[in-house]
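An overview of the molecular structure
Residue strings, one per chain:
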Amino acid sequence: MPEMDELQELVIEACRHPPGSPQRQRALTKVIRLASRKLWRENVAYYEDALQQTWVYFCQNVCEATTGRKYDPTQSSVVTWLSAYLKRRLQDFYIQGREQETRRAAVRGMASRSGETGELIDPVDNLAANPDVPPILQDVRDWVEADGSGDLVKTHIKGRPEVNCQALLLRRLPPEASWEEISAEFGLPISTLSSFYQRQCLPRLRKFGESEGYL
Amino acid sequence: MTYNTAEIDDFALTLPLPQAARQLAQQFASQQPTPAKAEQVRHNTLAVWVVNDYLQMMGIDTDLERGDSWNAIARLTADVADLEVIGAGRLECRPVQNVSAPCPVPPEVWGDRIGYVAVHIDASQREASILGFTPTLEPGDDGPPALHPAHLQPPEDLMDHLDRLLHPLVATTLARAGVSLNQLGRWLQGAIDAGWSAVDAVLSPEQLSPAYAFRQLSNAAVRRAKLVEVGVSLPLVMELSLSTTQPGQTDICVQLYPSPGTSSLPPNVYLRILDESGTVFLEAQSTTLEDYLQLQFSGVSGETFGVQVALGDTTATEAFLI
């Protein structure tokens with residue numbers, strides 16, 4: 001198969017250059033692009049996780065044995081080697097999933113025995129519930145409006161005191177006004193406004209965020 | 001502008017989006033007050049994620065946490081999808097909806113970026129394609145900067161681009177030729193690279209005349225000299241002085257003196273400053289009876305430059321990292 005040959009050649013090309021060199025990175029990128037169309041496919045929820053691990057394994061072991069055994073082109077084609085690894089990862093995820101199911105079933109069984117409801121606790125349900133209105137937005141708005149130190153109002157585009165950080169931040173808080181609207185309102189080019197926003201207003205906002213622990 | 005969709009399929013790099021990526025994108029999106037903003041944040045997060053995955057696979061160090069896209073407040077108030085590439089700068093990873101039309105780029109990310117990567121996120125959100133990259137933005141159809149599919153370079157070109165930023169040419173070409181990089185940041189902390197001596201140990205007392213004192217950088221923090229061979233019987237003296245009068249900026253003065261004991265430089269000696277790509281950006285040439293040459297410039301931390309002394313066919317070069 002001609003494409004197999006092309007992949008083998010690309011692997012040889014990649015390994016001729018030191019790790020981290022752009023020549024190796026180029027060749028590895030081409031292998032990933034070509035091989036991904038030929039790899040084993042399965043329609044399961046954890047397929048992408050297994051595939052992602054396969055690409056990491058590929059990059060780390062195709063030329064040097066970094067985390068596993070080095071690829072041996074005399075033993076198998078690149079696609080066969082990678083598909084085999086991918087199938088092992090898929091199996092790992094399958095077994096992990098089964099084990100979790102078993103544990104949940106055990107918990108459910110115990111719960112039923114003690115007379116409680118046998119509802120499954122899904123780990124995803126345990127993620128913090130999101131309030132309807134994100135408090136962060138209100139916190140930011142309060143801070144911008146209050147401008148305790150007067151710094152946001154004082155920081156403005158030269159000669160245009162009304163085009164200051166407070167005015168721009170309030171307009172860019174969602175639901176935000178578009179840059180076109182803000183440009184029309186102040187009669188200034190978008191690039192002037194956005195560059196001022198990026199250099200002066202966002203850093204102040206980030207600093208506030210850091211002091212509030214929003215990171 | 002016409003654009004060949006088949007071509008982008010040829011060079012797009014499709015990578016998987018693991019469950020953790022989708023969960024994180026969902027978490028970031030759920031902090032947004034409007035559905036439109038939530039979708040924007042979800043796509044930005046996935047685009048940054050996949051580019052980060054790609055760079056990590058290629059062995060390029062990144063710092064997700066330092067980006068505005070990973071900052072709760074910054075992403076709330078700006079449409080950002082930035083990724084910090086350690087040692088190079090911030091890469092913008094724009095999610096592209098329609099792969100065959102110019103994609104507008106939000107004004108808040110027009111400046112301060114080392115490049116723009118176009119990413120198409122599959123409707124299933126289980127995979128994403130890195131379509132290509134461009135180091136600079138082009139004007140869009142109606143004016144503002146946009147990502148043009150026709151101007152995108154394949155993802156592997158990004159590797160060369162980052163390599164140039166991470167290993168500037170002057171440093172790499174000289175390193176290949178066995179020239180080591182003098183680290184001026186360390187000079188300022190008192191650690192001088194080998195081969196450089198105190199000025200009065202190299203220059204003769206006649207050269208250190210009152211006239212010499214006049215041409216010095218005021219407030220020079222460090223002054224060091226070195227002998228350089230350029231095919232003449234006697235070595236010339238290269239002197240470097242550094243001063244840091246403004247925060248974040250280093251003023252550099254490079255001087256070339258005749259061999260100790262001789263009064264003038266040979267004619268047609270060139271003193272050159274090379275920029276990061278190896279291109280000459282400052283040059284001085286000796287005429288007859290020149291007693292020194294001098295070039296002065298400023299740089300910021302992380303920049304590299306080369307100092308070259310040339311006479312006829314021979315050159316001697318030193319590389320420096322500020």
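Nothing here was measured: the structure is a model prediction, and the numbers come from that model.

Frequently, the measure chosen for interface size is the accessible area removed from exposure when the parts meet. In terms of domain boundaries, chain B breaks down into domain 1 (5–166) and domain 2 (169–321). With centres defined by C-alpha atoms, the gap from domain 1 of chain B to domain 2 of chain B works out at 42 Å.

Another point: the packing of helix α7 (residues 165–172) of chain A against helix α8 (residues 179–186) of chain A. All names here are of chain A. Closest axis-to-axis distance for the α7/α8 pair is 11 Å, and the angle between their directions is 145°. The interaxial crossing formed by α7 with α8 has right-handed handedness. Between α7 and α8, the contacting residues are Ala167, Leu168, Arg171 and Arg172 on the first element and Trp179, Ile182, Glu185 and Phe186 on the second. Residue composition of the contact of α7 with α8, grouped by class: five nonpolar, no polar and three charged.

Before going further, it helps to examine the nonpolar core. Counting 67 residues, the largest nonpolar core has Ile32(A), Trp55(A), Phe58(A), Leu15(B), Val51(B) and Leu55(B) as the members making the most contacts within it. Per-element tally for this core: the top contributor is helix α3 (residues 35–57) of chain B, with 10 residues. Setting aside anything within four residues of it in sequence, one finds Trp55(A) in contact with Ile32(A), Ala35(A), Ser36(A), Leu39(A), Leu82(A), Leu15(B), Pro16(B) and Met57(B). With 41 residues, the next largest nonpolar core counts Val163(A), Ile182(A), Phe196(A) and Val105(B) among its residues.

Now for the state of the cysteines. Residues and elements named next belong to chain A. Summed over the entire model, instances satisfying the criterion amount to one disulfide over all chains. Here Cys15 connects covalently by a disulfide to Cys63, the sulfurs 2.0 Å from one another. One quick way to see it: the torsion about the S-S bond of Cys15 and Cys63 is about -80°, and its sign makes the bridge left-handed. Note that Cys15 is positioned in helix α1 (residues 2–16) and Cys63 in the loop between α3 (47–61) and α4 (78–113), a separation of 48 residues in sequence. The exposure class assigned to Cys15 is partly exposed, which follows from its relative accessible area of 30%.

Parameters at a glance
- Residues numbered from 1 in each chain as written.
- Chains lettered and ligands numbered in written order.
- Predicted model: local features only at pLDDT ≥ 70, side-chain atom pairs only at ≥ 80, totals over all residues.
- Heavy atoms only, no water.
- Domains from an automatic or database assignment.
- Axes fitted to C-alpha atoms, helices over the stretch in contact; angles between N-to-C directions.
- Helix = DSSP H or I, 4+ residues; strand = E, 2+ residues; numbered from the N terminus.
- Left-handed = near helix turned anticlockwise from the far one by under 90°.
- Contact = heavy atoms within 4.5 Å.
- Nonpolar A, V, L, I, M, F, W, Y, C, P; charged D, E, K, R; others polar.
- Core = buried A, V, L, I, M, F, W, Y, C linked by side-chain atoms within 4.5 Å.
- Buried < 20%, exposed > 50% of the residue type's maximum accessible area, 1.4 Å probe, protein only.
- Disulfide = S-S within 2.5 Å.

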